[in-house]
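Structure assessment
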Amino acid sequence: MAQIIELNSENRTPESAAPPDSTAAGDDTSVPQPSADIPRDSAGLPSSLPKASPSLPAHLEQLADRARGYVEAASSANTRKAYAADWKHFSAWCRRQNVAPLPSDPQVVGLYITACASGCAVGTPTRGGKPNSVSTIERRLSALGWNYTQRGEKLDRKDRAIATVMAGIRNTHAAPPRQKEAILPEDLIAMLETLDRGTMRGLRDRAMLLVGFAGGLRRSEVVGLDLGRDQTEDSRGWIEILDKGMLITLRGKTGWREVEVGRGSSDATCPVVAVETWIKFAKLAKGPLFRRVTGEGKDVGPDRLNDREVARLVKSAALAAGVRGDLSESERGEKFSGHSLRAGLASSAEVDERYVQKQLGHASAEMTRKYQRRRDRFRVNLTKASGL
């Protein structure tokens, strides 16, 4: 039934507003545009359901509109944007190879992922681009399957033209994940000192860093917060400030969860005080918690901040504070991201592991351990326990 509207292309501004966008659109920085020889609905996301259908009675049109809304709600905006970019990437490659993206053909898809792994999915075989990582190619495959499904097609990923090639790509190019550096408490305190408390941007950034760290939040969760429940359509959750701390209610992939952020040992490092201060001076009453600051850092606008700004904030503050000063500036820039705040909490909290797992919203303790950079990996010594 469902087909989803094509999203608008991303507008880049010095300080972006919502909807939050992910960097998961792939390794390529440019998105090929559709050409005349490829149907419009094969260059991006499928077009929306027709509002007037011969087989649909007029009194059901309102339900059809509601169904379109539920179709969009079935996946996040970040996922839909990444899938749209991947389909455009695939369609442009097909155009250059003089093959059709529709109907689905496992052999064509197998050649496409080979080109992605070889670095010639853009450009020419002799002058290609950067090879895609295994995770990027796997996401591109998922995107193709999703897009084909929306068009009434089926992509058989178990076909040997795809499955065998993908297995070979994994065996040849798979590498251990590169973890981002954890922001530890002493690092965070130094980063806070680089922010100007006399500006609205400084107050906002201070609150974002502390809430992101103490809550163990993803960057999309940080900027997705509202001041209260049911205040905006693009909300990821809301806050409630209590005497002993702040309760954050979040909507995740598996449902709703609550995150408790207690008050700090001093006002200077307390996330709740930082949020209260930001709300007070920004004169916020309703809507997004973290917003764009304009007018040279003096005026607060109505628009929700983009999640990329969290990553930029962490990078810039870490560089300004001299965190990991033993590395070059380019190396340090690669080490830190919004994810560093989550890893920092997991690595620093000296409490039972299950509490950290709950705070981060992980389904398993094993996932939580991957975030713990300072974990004693040999606390349980099976060698000695076995008698050796």
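This structure is a prediction, so every number in the text was calculated from the model and none was measured.

**A few points about the side chain of S104**
Summarising the element assignment, S104 is placed in the loop between α2 (77–97) and α3 (106–118). Among the residues examined, S104 registers a relative accessible area of 18% and is labelled buried. A distance of 2.8 Å separates a polar atom in the side chain of S104 from the backbone oxygen of K154. Once residues within four sequence positions are removed from consideration, S104 is found in contact with Y148, E153, K154 and L155.

**Regarding the packing of helix α6 (residues 185–192) against helix α7 (residues 200–215)**
Taken N-terminus to C-terminus, the directions of α6 and α7 make an angle of 170°; their axes are 10 Å apart at the nearest point. The orientation of α6 relative to α7 falls into the category roughly antiparallel. Every residue of α7 that contacts α6 at P185, L188, M191 and L192 is listed here: R206, L209, L210 and F213. Broken down by class, the residue content of the contact of α6 with α7 amounts to 7 nonpolar, no polar and 1 charged.

**Looking at the packing of aromatic side chains**
Summed over the entire model, instances satisfying the criterion amount to 7 aromatic pairs. Ring geometry for W87 versus F90: centroids 5.6 Å apart, planes at 55°, classification tilted. Note that W87 and F90 are positioned in helix α2 at a spacing of 3 residues, about one turn of the helix. Ring centres of F90 and Y148 lie 6.5 Å apart, and the angle between their planes is 75°; on these two criteria the pair is classed as edge-to-face. On the criterion of sequence distance, the pair formed by F90 in helix α2 and Y148 in helix α4 (residues 134–150) is long-range, its members being 58 residues apart. Judged by relative accessible area, which is 0%, F90 ranks as buried. Every member of this aromatic cluster is reached through a ring pair, and the members are W87, F90, W93, Y112 and Y148. Above the face of the W87 ring, R151 is positioned so that its terminal group lies 4.3 Å from the ring centre.

**Here's the deal with the pattern of salt bridges**
Evaluation of the coordinates by the stated rule reveals 13 salt bridges. The residue E138 makes a salt bridge to R170 at a minimum N-O spacing of 2.7 Å. On the criterion of sequence distance, the pair formed by E138 in helix α4 and R170 in helix α5 (residues 160–173) is long-range, its members being 32 residues apart. Exposure remark for R170: the relative accessible area of 35% places this residue in the partly exposed category. Residues R218 and E221 are paired through a salt bridge, measuring 2.9 Å at the closest nitrogen-oxygen approach. The class of E221 is buried, set by a relative accessible area of 2%.

**With respect to α4**
Between its first and last C-alpha, α4 extends 25 Å over 17 residues, near the 24 Å set by a 1.5 Å rise per residue. Taken from the residues just after α4, G152 is the one with a positive phi, measuring 80°.

**With respect to the sheet that holds strand β3 (residues 245–252)**
An order of β1-β2-β3-β4 is seen for the 4 strands of this open sheet, with the pairing classed as mixed. Looking at which strands have only one partner, the edges of the open sheet turn out to be β1 (225–226) and β4 (255–262). Relative to β4, β3 runs antiparallel, the two sharing 8 bridges. Bridge pairing links R251 to W256 in β4. Contacts from α7 reach β1, β3 and β4, with the element oriented near 110° to β4. The sheet strands contacting helix α9 (residues 271–282) are β2 (237–241), β3 and β4, and the helix crosses β2 at an angle near 100°.

**Some points on unusual backbone geometry**
Residue L102 is joined to P103 through a cis peptide bond whose omega torsion reads -5°. Position of P103 relative to the elements: it lies in the loop between α2 and α3. In the Ramachandran plot, N98 falls in the positive-phi region, its phi being about 60° despite a non-glycine side chain. Here D230, not a glycine, exhibits a phi torsion of approximately 55°, which is positive. Within the element layout of this structure, D230 appears in the loop between β1 and β2.

**A short note on the nonpolar core**
By size, the foremost hydrophobic cluster in this structure holds 45 residues, and its most contacted members are L209, I248, W278 and L289. Take this core: its biggest share by element is 8 residues, from α7. When near neighbours in sequence (up to four residues on either side) are disregarded, I248 contacts V211, L217, L225, W238, I239, R257, E258, V259 and V261.

**Things to note about the state of the cysteines**
Every disulfide links exactly two cysteines, by a covalent bond between their sulfur atoms. Overall, the coordinates contain 0 disulfides when judged by the stated rule. The closest cysteine sulfur to the non-disulfide-bonded C116 is located on C120, 8.5 Å from its own sulfur.

Reading the values: the criteria
- Residues numbered from 1 in each chain as written.
- Predicted model: local features only at pLDDT ≥ 70, side-chain atom pairs only at ≥ 80, totals over all residues.
- Heavy atoms only, no water.
- Helix = DSSP H or I, 4+ residues; strand = E, 2+ residues; numbered from the N terminus.
- Buried < 20%, exposed > 50% of the residue type's maximum accessible area, 1.4 Å probe, protein only.
- Polar contact = N/O pair within 3.5 Å; in protein donor to acceptor, adjacent residues only side chain to side chain.
- Contact = heavy atoms within 4.5 Å.
- Axes fitted to C-alpha atoms, helices over the stretch in contact; angles between N-to-C directions.
- Parallel < 35°, antiparallel > 145°, perpendicular 65-115°, else oblique.
- Nonpolar A, V, L, I, M, F, W, Y, C, P; charged D, E, K, R; others polar.
- Phe/Tyr/Trp six-rings, centres within 6.5 Å; stacked < 30°, edge-to-face > 60°.
- Lys NZ or Arg CZ within 6 Å of the ring centre and 35° of its normal.
- Salt bridge = Lys/Arg side-chain N within 4 Å of Asp/Glu carboxyl O.
- Expected span 1.5 Å × (residues − 1).
- Pairing = 2+ DSSP bridges.
- Core = buried A, V, L, I, M, F, W, Y, C linked by side-chain atoms within 4.5 Å.
- Disulfide = S-S within 2.5 Å.

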